[in-house]
Amino acid sequence: MSSVKVESVVKEHALLGEGPVWEESDQTLLFVDIAGQKIHRWNAATNQIQSLKTEDTVGFAVPRRSGGYVAGVGCSIVAVDWTTQKVTSLASVEDDKPENRLNDGKADPMGRLLAGTMRRDAQTAQVKPGSLYLMKSDLSVTKLLSQVDISNGMDWTQDLKTLFYIDSLAMSVDAFDYDSSSGNLGNRRVVYRLEEGEGVPDGMTLDANGRLWVACYDGGRVLNIDPATGKRLQTVSLPATKTTCCCFGGPDYSELYVTSASLGLDQSELQKQPQAGNIFRVTGLGVKGRPSHSFTG
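The rules behind these values
- Residues numbered from 1 in each chain as written.
- Predicted model: local features only at pLDDT ≥ 70, side-chain atom pairs only at ≥ 80, totals over all residues.
- Heavy atoms only, no water.
- Disulfide = S-S within 2.5 Å.
- Buried < 20%, exposed > 50% of the residue type's maximum accessible area, 1.4 Å probe, protein only.
- Helix = DSSP H or I, 4+ residues; strand = E, 2+ residues; numbered from the N terminus.
- Core = buried A, V, L, I, M, F, W, Y, C linked by side-chain atoms within 4.5 Å.
- Contact = heavy atoms within 4.5 Å.
- Salt bridge = Lys/Arg side-chain N within 4 Å of Asp/Glu carboxyl O.

All told, the structure shown has zero disulfides when counted by the stated rule. Free cysteine: Cys 216, not disulfide-bonded; nearest cysteine sulfur from Cys 246 at 9.0 Å. Residue Cys 216 is classed as buried on the basis of its relative accessible area of 0%. There is no disulfide at Cys 247, and the cysteine sulfur nearest it, in Cys 245, is 7.4 Å away. Overall, Cys 247 belongs to the buried group, its relative accessible area being 7%.

In this section: unusual backbone geometry. In this structure, Glu 94 takes a positive phi of about 55° despite not being glycine. Positionally, Glu 94 belongs in the loop between strand S9 (86-92) and strand S10 (100-107). If you check the backbone angles, Leu 139 has positive phi at about 70° while not being a glycine.

Among soluble globular proteins, nonpolar side chains are generally buried collectively. Formed by 24 residues in total, the largest nonpolar core has its most connected members in Trp 213, Val 222, Leu 256, Tyr 257 and Leu 285. Those elements that place two or more of their residues in this core are strand S1 (5-10), strand S3 (28-33), strand S19 (212-217), strand S22 (243-249), strand S23 (255-260) and strand S24 (279-283). In this structure Leu 256 touches Thr 205, Trp 213, Val 222, Cys 246, Cys 247, Phe 248, Phe 280, Arg 281, Val 282 and Leu 285, once residues within four positions along its chain are discounted. With 16 residues, the next largest nonpolar core counts Val 32, Ile 39, Ala 61 and Tyr 69 among its residues.

The next point concerns the pattern of salt bridges. In this structure the tally under the stated criterion is 15 salt bridges. A salt bridge links Arg 119 to Asp 121; its shortest N-O distance comes to 2.9 Å. Residue Asp 121 is classed as partly exposed on the basis of its relative accessible area of 40%. Taking the shortest distance from any N to any O, the salt bridge between Lys 242 and Asp 218 comes out at 2.7 Å. Of this pair, Lys 242 sits in the loop between strand S21 (231-237) and S22 while Asp 218 sits in the loop between S19 and strand S20 (221-226), placing them 24 residues apart in sequence.

Printed below as a string of structure tokens:
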């Protein structure tokens, strides 16, 4: 295996960079700055960034099969027309909880959208105020899971039978049996429990071999985990402690893109971490990822 190389490629200095999605058709990386209230697209060939400002926090942006994107803005799931920069509400969740917001979201292999919520101030250890929702192509929304602290990373096995899921403050990566016809969840179990010093599990992705890559907030690392054994196979260290999420991309999906945050770092920490908030490209891992899915609604 070639040696692992980490380089800062998107020098955006995001407050809270999150949710990277590789768009194969344009060879671009889609990502959000949750606290900066922006959706960004970075072109790998030209190194240019296009941005769209949102009216509230933006937890995720996911390509839509009919064009544009679907995004989680505040507690609304919205359609984004990138060409006209028009944002249209499709549905809202938790109107009765103004202290909450949408966080991570991802389209499943069937083209449905899963998106979760959390408290805006994230001080949720006692209350578990979040939930996980499913939006179908007809734009109907159902709740899959409640009693969540910080709804975060998710991805599915190739056979669609398992959903891997992270509720960050549980400090573990969990698995559910996934009903691919309905999206219903069952048989929750822990796949990997984070060890002291590894940070807080945040966003994640699966590679083509079915292994997990988990970004660890306040850990400055991405963990490679074999869900079959629950063993950590590899640790990739990043020059930013607040690593948030990751996805594979590049022409053959052999590059791992890792988002990070600068929010919450004091002046001395920012001086030590001048690349905080940037996106890092990791090469030489010897594995490839899989294309992302688009929302069919």
